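Structural description and commentary
So the chains spell out like this:
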Amino acid sequence: MITTAFALSVGATAARPRLVGVGTCLFRPRFGLVGTPLPSALRGRRGLFGAPPTPTPVIHPSTAVAVTAPVMAADDAPKRHVLVPISDGSEELEAVTIVDTLVRAGAAVTLASVSSSSTTVTCSRGVRLVADAPLGDVATPAGGWDLIAIPGGMPGASTLAASPRLAELLREQKAAGRWIGAICAAPAVVLAPLGLLAGGEAATCYPSADFLAALPNPVEDVFVVSDGRLVTSQGPGTALLFSLCCVEKLYGKVAAETLAAVMCEDPDEEWGWTPPGKTRALAQRRHCQPWLRKLQYSTTDFVRDYALSG
C-alpha cells in the first residue's frame, strides 16, 4: 500500500486567488503558487503516481513555478476493504468518484453488480461500467467490509434497494458497527426503506422534497454529513467531498487531507462532517470561527463568506 505526499519547491508559497465571477456565479479558484520561475527549457514532467525517488520538478501551467512532484512512501496502515454496489441506472459520476478516490487512498475496492446475468451496467447517463463481479459471487473479506459505499442515481438506487443480497450485507454492516456510505438518492431509496436509519441518524441526500421526506432525521442544504457510522451526501457535485470523508473515516484526517491536495481539492479549511446541530454547539464554544463548519452551510452562505473574506 502507498500513500502520497507533496511539497512546494524552495522559495514557493501558496497564495489564495481572488474571487472570480463567471456569469451569475461567484467562486474562488484553488490555490495558485507563486515563487521562483523555472527555466523555459525544463522538462521531465511525470504523472502523480510513479514519480522517481528524487522528485522531478514540474511546471505549474498557469504560473510557471516549480512544484515538487508527489513522493510515494510506504504505508504500514492496514488494507481497507470497500464494497461499491452498482446496477443499471446508477449515477456514474458518483460510482467512479467513490472507486477512484478510495483506490488512491490505498483501499481494496470491489465494484459489484447486483445483476446476476451481467457485470456490465448502463448508468443513468448512458455510461457503461464493467463491475469486478456480480454481487452474489463476491466473497466477504475476513473481518467484513470496512465500508459499503452506495452511489445514487435513478432507477439504479431502486434496483439496489430491491437486491436481497445487498440488503443482507447492509444489515450485517450496521449490526457490526462498520461504515456505511450513501449519496444522492441512496440514503432515501436504499437505506431508509431497509430501516437502516431507524436509529435517528442524521442524514442528507439529493435535495428534493420527496427524498428528504423519506429520511427520519433529514439534514437539508448540507453537502456531507457523518453521524455514527454513517456518511451521507447530496449528489454528483459533492461526490469527491463524500469520498474524501470516507477516506478520513478509514485512514484518518492526515491521509484524507494529503489525498485532497494531490487531487486539487482545497484542504486548507477545517473539515467538519458532524450534523449541523452538534457543529453549531461546537462553533459557539470556539467563538464561532468562520470556517469551523466547512461543508455544513448552504451554497448561499458559501458565496457570501468567500465574498466577505476578500
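**Describing the overall build of the protein chain**
Within the protein chain, the secondary structure is distributed over nine helices and 17 strands. A separation of at least 24 residues holds for 62% of the contacts in the protein chain among residues at least 6 apart in sequence. As displayed, the protein chain has an accessible area near 14,500 Å², and 58% of this comes from carbon and sulfur atoms.

**Regarding the side chain of threonine 204**
Along the polypeptide, threonine 204 turns up in the loop between helix H4 (186-191) and helix H5 (209-214). The contacts of threonine 204, once residues within four sequence positions are left out, are Pro187, Leu215, Val219, Val222, Phe223, Val225, Thr232, Ser233 and Gln234.

**What about helix H6 (residues 239-251)?**
Over its 13 residues, H6 extends 18 Å from the first C-alpha to the last, a length consistent with the 18 Å expected when each residue adds 1.5 Å. Along H6, the residues classified as buried are Ala239, Leu241, Phe242, Ser243, Leu244, Cys245, Cys246, Val247, Glu248, Leu250 and Tyr251. Immediately downstream of H6, the backbone of glycine 252 shows phi near 105 degrees, a positive value.

**Focus: the confidence of the model for the protein chain**
Of all residues in the protein chain, 61% have pLDDT values of 70 or greater, and the mean over the chain is 74. Predicted confidence for residues 1-75 stays below pLDDT 50, and this span has 134 contacts to residues more than four positions away or in other chains. Within the model, pLDDT remains below 50 along residues 279-306, and this stretch shows 47 contacts once partners closer than five positions in the same chain are excluded.

**Things to note about the pairing of strand S17 (residues 230-233)**
Residues Leu230 and Thr232 line one face of S17 and the alternating positions Val231 and Ser233 line the opposite face, and both faces are buried. Pairing geometry for strand S15 (residues 179-183) and S17, over four bridges, is parallel. When the bridges of S17 are listed, isoleucine 180 appears paired with leucine 230. Sheet analysis places strand S16 (residues 224-227) next to S17, joined by four bridges and oriented antiparallel. By the bridge assignment, aspartate 227 is partnered in S17 with leucine 230.

**Here we look at the packing of aromatic side chains**
Considering all chains together, one arrives at zero aromatic pairs under this definition. Against the face of tyrosine 251 rests arginine 80, its NZ or CZ located 6.0 Å from the ring centre.

**Notes on the side chain of threonine 232**
One can find threonine 232 in strand S17. A polar contact of 2.9 Å, which involves the side chain of threonine 232, links it to the backbone nitrogen of threonine 204.

**Regarding the pairing of strand S10 (residues 108-113)**
For S10, the buried fraction is high: five of the six residues fall into the buried class. By the bridge criterion, six bridges tie strand S9 (residues 81-86) to S10 in an arrangement that is parallel. Pairing of proline 85 across the sheet is with alanine 112, part of S10. Here S10 runs beside strand S13 (residues 133-134); their pairing, made up of two bridges, is parallel. Across the sheet, residue serine 113 finds its bridge partner in S13, namely proline 134.

Basis of the calculations
Residues numbered from 1 in each chain as written. Predicted model: local features only at pLDDT ≥ 70, side-chain atom pairs only at ≥ 80, totals over all residues. Heavy atoms only, no water. Helix = DSSP H or I, 4+ residues; strand = E, 2+ residues; numbered from the N terminus. Contact = heavy atoms within 4.5 Å. Areas by Shrake-Rupley, 256 points an atom, 1.4 Å probe, with all protein chains shown as cover. Expected span 1.5 Å × (residues − 1). Buried < 20%, exposed > 50% of the residue type's maximum accessible area, 1.4 Å probe, protein only. pLDDT = per-residue confidence, 0-100. Pairing = 2+ DSSP bridges. Phe/Tyr/Trp six-rings, centres within 6.5 Å; stacked < 30°, edge-to-face > 60°. Lys NZ or Arg CZ within 6 Å of the ring centre and 35° of its normal. Polar contact = N/O pair within 3.5 Å; in protein donor to acceptor, adjacent residues only side chain to side chain.

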